[in-house]
Amino acid sequence: MCMWPFVPGSPQLLLIKKWGICVCVLAWLFVLCISVVLCDGLSTCPGTAGTSPSRPCKDKWRAAEGGKPGAQSAALTAAEPPRRAMPRFTVHIRDEWLAVACRDTSNTIQWLGQEALKRYIKNKPDNGGIGSVKETRFIVRRCQGSGLLDPDDTIDDVLEDNDFVELAIEGDTMSSEFIPCQPGVSNITAAYKEPAEYISLDGNSLTSTDLVNLGRGLYKIKLTLEAERKVVQARELLDTIVKENKVVYGITTGFGKFARTVIPVSKLKELQENLVRSHSAGLGNPLSPERTRMLLALRINVLAKGYSGISLETLQAMIQAFNASCLSFVPEKGTVGASGDLAPLSHLALGLMGEGKMWSPKSGWADAKYVLEAHGLKPISLKPKEGLALINGTQMITSLGAEAVERAQAIAQQADIVAALTLEVLKGTTKAFDSDIHSLRPHPGQTEVALRFRSLLDSDHHPSEIAESHRFCDRVQDAYTMRCCPQVHGITNDTIKFVQNIINTEINSATDNPMVFAERGETISGGNFHGEYPAKALDFLSIAVHELASISERRIERLCNPSLSELPAFLVNEGGLNSGFMIAHCTAASLVSENKVLCHPSSVDSLSTSAATEDHVSMGGWAARKALRVVEHVEQVLAIELLAACQGIEFLRPLRTTTPLEKVYDLVRSVVKPWIKDRFLSPDIEAVHRLLLDQKVWNVAKPYIEKYQTEYIPESRPVSPTAFSLDPPASPRKRVRHE
């Protein structure tokens, strides 16, 4: 047992107490001195080394001196500027993206490149094959636009915080993962301006025109209040299903062949993430930024209907990514069009999860997590059923189909104008467009096209010196390529309207599975994801719009053939020395021939997939992609015809055609000069193709067409050989007697 050795009140105990007090006082003074020193310059005080001491330390120091705590500290803190986040840049070297922090932006691009190289070789066993960082020669370019950066420029002068750059080491080839945005391919890439206007989505009222405009970056997106309410209501039902451990396909089970496999609640998030990752198996070039914007916008619109079970939080994250133009890498190949466009939509969702590649006007192509972070966005975290909700549907077929049908409608309208100009150059007659003829076969498209021809060629309403020059020629009737334009162009117009109706219905359709009916309190599995509707419609579109190129190519032949046109061969003087439009016609012929193959309907094919669970598919992805190619070829063939027709006008001068067609001629001549002698022709074709793409030919002629149609101008029927009234035919008896 331990006994205390000193008696209370003894001298020894009093002495120990005195020494103890002294030691405590000395220790307290020592701690106080250390605190003051550290707060004035050392880094142990909670503040930044080398700066003034933080407020708590200053307060204690001044309190020890008898001053008022915090008084002077508050004044000093108010005068200090706010701390700024350190600038950071993302550098792509070979197959890696590296974040490089920069304390001093007055450093050069050369310094940035060397810092990135240091980080690159740090974890490489062989230093990545790089001997010395200082001796390594490299070039640096911005990812957006691929502009080269001068190594001597300061970072502050040529880069902005969070910029993305590519470092190419001398001797390396360009990284296969670096995908520069080609000039002219994307309007967003060329000069993207953040839109100020919004389109409100409710899942019921979006049109193909709206969707194309969203793709062009003309609008941002927001949800209507009613759409938000429906989304929340459907999600609440799903949360109840999960909470009560009910077995429901795609929510608490596997997918396809694994539909009978029940998944534990603890793994439902992993289930959805695995679904997106495993289904991201597409190949090929990425969709352009415009088409990816259309795809994302359309998926948002479908989810906004409130039958997919997506959470409002996830849907709003998708909208934020769209409004910032953070666009996932979506390969164009890999969908069979049932169960919807699984592969492309999975790639779309993968980027939103912060995985894979992404593009934005600010970054160009980069890792998705860096692109999202650069725009202040966070990757989405999938809840039960949300992975399935993001990837199940026909949105790739439909979004590409929307672009195809919009472009088809634009070129079909302008095809009538181009054909009318060719008819003038070839000195054709307008009698074939008489309204009485078309009233006997009253197809809407045929009637509409004939009316357009009359509004452009009516010689009483728009006098034509060219038409008057051959009014009393001995020609009886024109070739089918001119005379039958209302019949051929007409069915194309009617087919386009049919397809547009199907596409607009599909745009506003819920194509998920299972469908979540919040008002009924149940989920139902169905087959709305099957792409047969848009697939068949787009095959029809390809076949119909191709005919515009087919008949146009024959008119180009008539323009270039002197025996048919009475114009110089191939529309050029000094034939032989000059070849004129000889090969331009060959180009048109080659495009028409390609279209004949592309018009083979993809939707007649089907291959069983997913272990015979998905035993009939639409092949709608290819139907949509080839429809776009067919439409583009049609535009190009008509561009060649328009160029040739305007060249033909040169050989008929000083005669003038009708006012609206003269306006079209002037438009073409604003971008392409007359053909005097042979020159590089492709740029001319591309320039006129751009006029058609921008619908400028239609915009020039449209006011004249509308005025003719709305003013109810009496139809003129000029005298011509095809309108001669002959004496009544002789009776058979008289004919025999005469013979």
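Parameters and conventions
Chains are numbered independently. Their residues run from 1 in the order of the written sequence. In view of the model being predicted, local features appear only for residues whose pLDDT reaches at least 70, and side-chain atom pairs are presented and counted only at 80 or more, with totals across whole chains, interfaces and linings using the full set of residues. By convention in this description, side-chain values take in all heavy atoms of the structure and omit both hydrogens and water. For helices the rule is a DSSP run of H or I covering at least 4 residues; for strands it is a run of E covering at least 2, with both sets numbered from the N terminus onward. Relative accessible area decides the class of each residue, using a 1.4 Å probe on protein chains only: under 20% of the type maximum gives buried, over 50% gives exposed, and in between gives partly exposed. In what follows, a contact means two residues having at least one pair of non-hydrogen atoms within 4.5 Å. Per-residue and other accessible areas follow the Shrake-Rupley method at a 1.4 Å probe size, with only the shown protein chains counted as cover for residues. Any Lys or Arg side-chain nitrogen located within 4 Å of an Asp or Glu carboxyl oxygen qualifies as a salt bridge. Here, a strand pair is defined by DSSP locating no fewer than two bridges between the strands. Seen with its strands pointing away from the viewer, a crossover is right-handed when the path leading from the first strand over the helix to the second is clockwise. Where helices are involved, their axes are fitted lines through C-alpha atoms of the stretch in contact, as for all axes, and angles between N-to-C directions lie from 0 to 180°. Note that the term roughly parallel is reserved for angles under 35 degrees, roughly antiparallel for angles over 145, roughly perpendicular for angles of 65 to 115, and oblique for everything else. With the far helix as reference, a near helix turned anticlockwise by less than a right angle produces a left-handed crossing, and one turned clockwise produces a right-handed crossing. Charged residues are taken to be Asp, Glu, Lys and Arg, nonpolar residues to be Ala, Val, Leu, Ile, Met, Phe, Trp, Tyr, Cys and Pro, and polar residues to be all remaining types, Gly included. We define the nonpolar core as a collection of buried residues of types Ala, Val, Leu, Ile, Met, Phe, Trp, Tyr and Cys that are connected through side-chain atoms lying within 4.5 Å of one another. Stacked, tilted and edge-to-face are the three classes applied to pairs of Phe, Tyr and Trp rings, where Trp contributes its six-membered ring and a pair requires centres within 6.5 Å; stacked means planes under 30 degrees apart, edge-to-face means over 60, and tilted covers the rest. In this scheme, Lys NZ or Arg CZ marks a charge over a ring once it lies within 6 Å of the ring centre and within 35 degrees of the ring normal. To estimate the expected span of a helix, subtract one from its residue number and multiply by 1.5 Å.

A.B. asks: Any chance you could explain the overall build of the chain here in plain terms?
C.D. replies: Scanning the chain from terminus to terminus reveals 28 helices and 14 strands. When each of the 739 residues of the chain is scored for burial, the buried share is 49%. Once local pairs closer than 6 in sequence are excluded, the contacts in the chain between residues at least 24 apart make up 74%. Here the chain has roughly 35800 Å² of accessible surface; of this, 56% comes from carbon and sulfur atoms.

A.B. asks: Could you clarify how one ought to interpret the side chain of His 585 in this entry?
C.D. replies: Here His 585 is to be found in helix α23 (residues 582–598). Excluding residues within four positions of it along the chain, His 585 makes contact with Glu 553, Arg 554, Ile 556, Glu 557 and Cys 560.

A.B. asks: I'm lost on the pattern of salt bridges in this one. Help?
C.D. replies: When charged atoms on two side chains of opposite charge get close, those side chains can pair. One pass over the structure, following the stated rule, counts 33 salt bridges. Between Asp 163 and Arg 142 there is a salt bridge, and its shortest N-O distance comes to 3.2 Å. Within this pair, whereas Asp 163 is found in the loop between α5 (155–158) and β5 (164–169), its partner Arg 142 is found in strand β3 (residues 138–142), the two being separated by 21 residues in sequence. The buried category is assigned to Asp 163, whose relative accessible area is 2%.

A.B. asks: Help me understand the pairing of strand β7 (residues 220–223) in this model?
C.D. replies: One face of the sheet, then the other: side chains in a regular strand alternate in exactly this way. As paired elements, strand β6 (residues 198–201) and β7 share four bridges and run parallel to each other. Looking at the pairing, Ile 199 lines up with Ile 221 of β7. In the classification by handedness, the crossover that spans β6, the intervening helix α7 (residues 208–215) and the parallel β7 is right-handed.

A.B. asks: Help me out: how do you make sense of the packing of helix α10 (residues 289–303) against helix α11 (residues 312–323) in this one?
C.D. replies: Contact geometry for α10 and α11: axes closest at 10 Å, N-to-C directions at 155°. Put simply, α10 runs roughly antiparallel to α11. Helix-helix and strand crossings are classified by hand; for α10 and α11 the assignment is left-handed. Across the interface between the two elements, Arg 293, Leu 296, Ala 297, Arg 299, Ile 300 and Leu 303 from α10 touch Leu 315, Met 318, Ile 319 and Phe 322 from α11. Residues that form the contact of α10 with α11 fall into these classes: eight nonpolar, no polar and two charged.

A.B. asks: Honestly, the nonpolar core in this entry has me stumped. Any pointers?
C.D. replies: One recurring pattern in soluble globular proteins: nonpolar side chains tend to sit buried together. By size, the foremost hydrophobic cluster in this structure holds 155 residues, and its most contacted members are Ile 300, Leu 390, Leu 538 and Leu 642. Residue contacts for Leu 390: discarding those within four places in its chain leaves Arg 299, Leu 303, Ile 310, Met 318, Leu 345, Ala 349, Ile 380 and Leu 382. Ranked by size, the runner-up nonpolar core spans 22 residues in total, among them Tyr 120, Ile 121, Val 165 and Leu 167.

A.B. asks: How do you make sense of the sheet that holds β3 when you look at a structure like this?
C.D. replies: The strands that make up a sheet are held in pairs by hydrogen bonds between backbone atoms, and each pair lies either parallel or antiparallel. One open sheet accounts for five strands, arranged β2-β1-β5-β3-β4; its pairing is mixed. The open sheet terminates on both sides in strands that have one partner only, identified here as β2 (96–101) and β4 (148–149). Sheet topology places strand β1 (residues 88–93) next to β5; four bridges connect them, and they run parallel. The partner of Ile 93 across the bridge, within β5, is Leu 167. The strands touched by helix α4 (residues 109–122) within the sheet are β1, β2, β3, β4 and β5, with β2 carrying the most contacts at an inclination of about 120°.

A.B. asks: What is the right way to look at the packing of aromatic side chains in this model?
C.D. replies: In this description, a pair of aromatic rings is defined by centroid distance and the angle of the planes. Within this structure, the stated rule accounts for seven aromatic pairs. The aromatic ring of Tyr 198 is capped on one face by Lys 222, whose charged end is 5.6 Å from the ring centroid. It is Arg 520 that lies over the ring of Phe 517; its NZ or CZ is 5.4 Å from the centre.

A.B. asks: Sorry, what's going on with α11 here?
C.D. replies: Side chains three or four residues apart in an α-helix point the same way, a direct result of the helix having 3.6 residues per turn. Relative to the 16 Å expected for 12 residues at 1.5 Å per residue, α11 spans 16 Å between its end C-alpha atoms, a close match to the ideal helical length. By the burial criterion, the buried members of α11 are Thr 314, Leu 315, Ala 317, Met 318, Ile 319, Ala 321, Phe 322 and Asn 323. Downstream of α11 by one or two residues, Ser 325 has phi in the positive range, about 55°.

In short, geometric facts, not functional conclusions.
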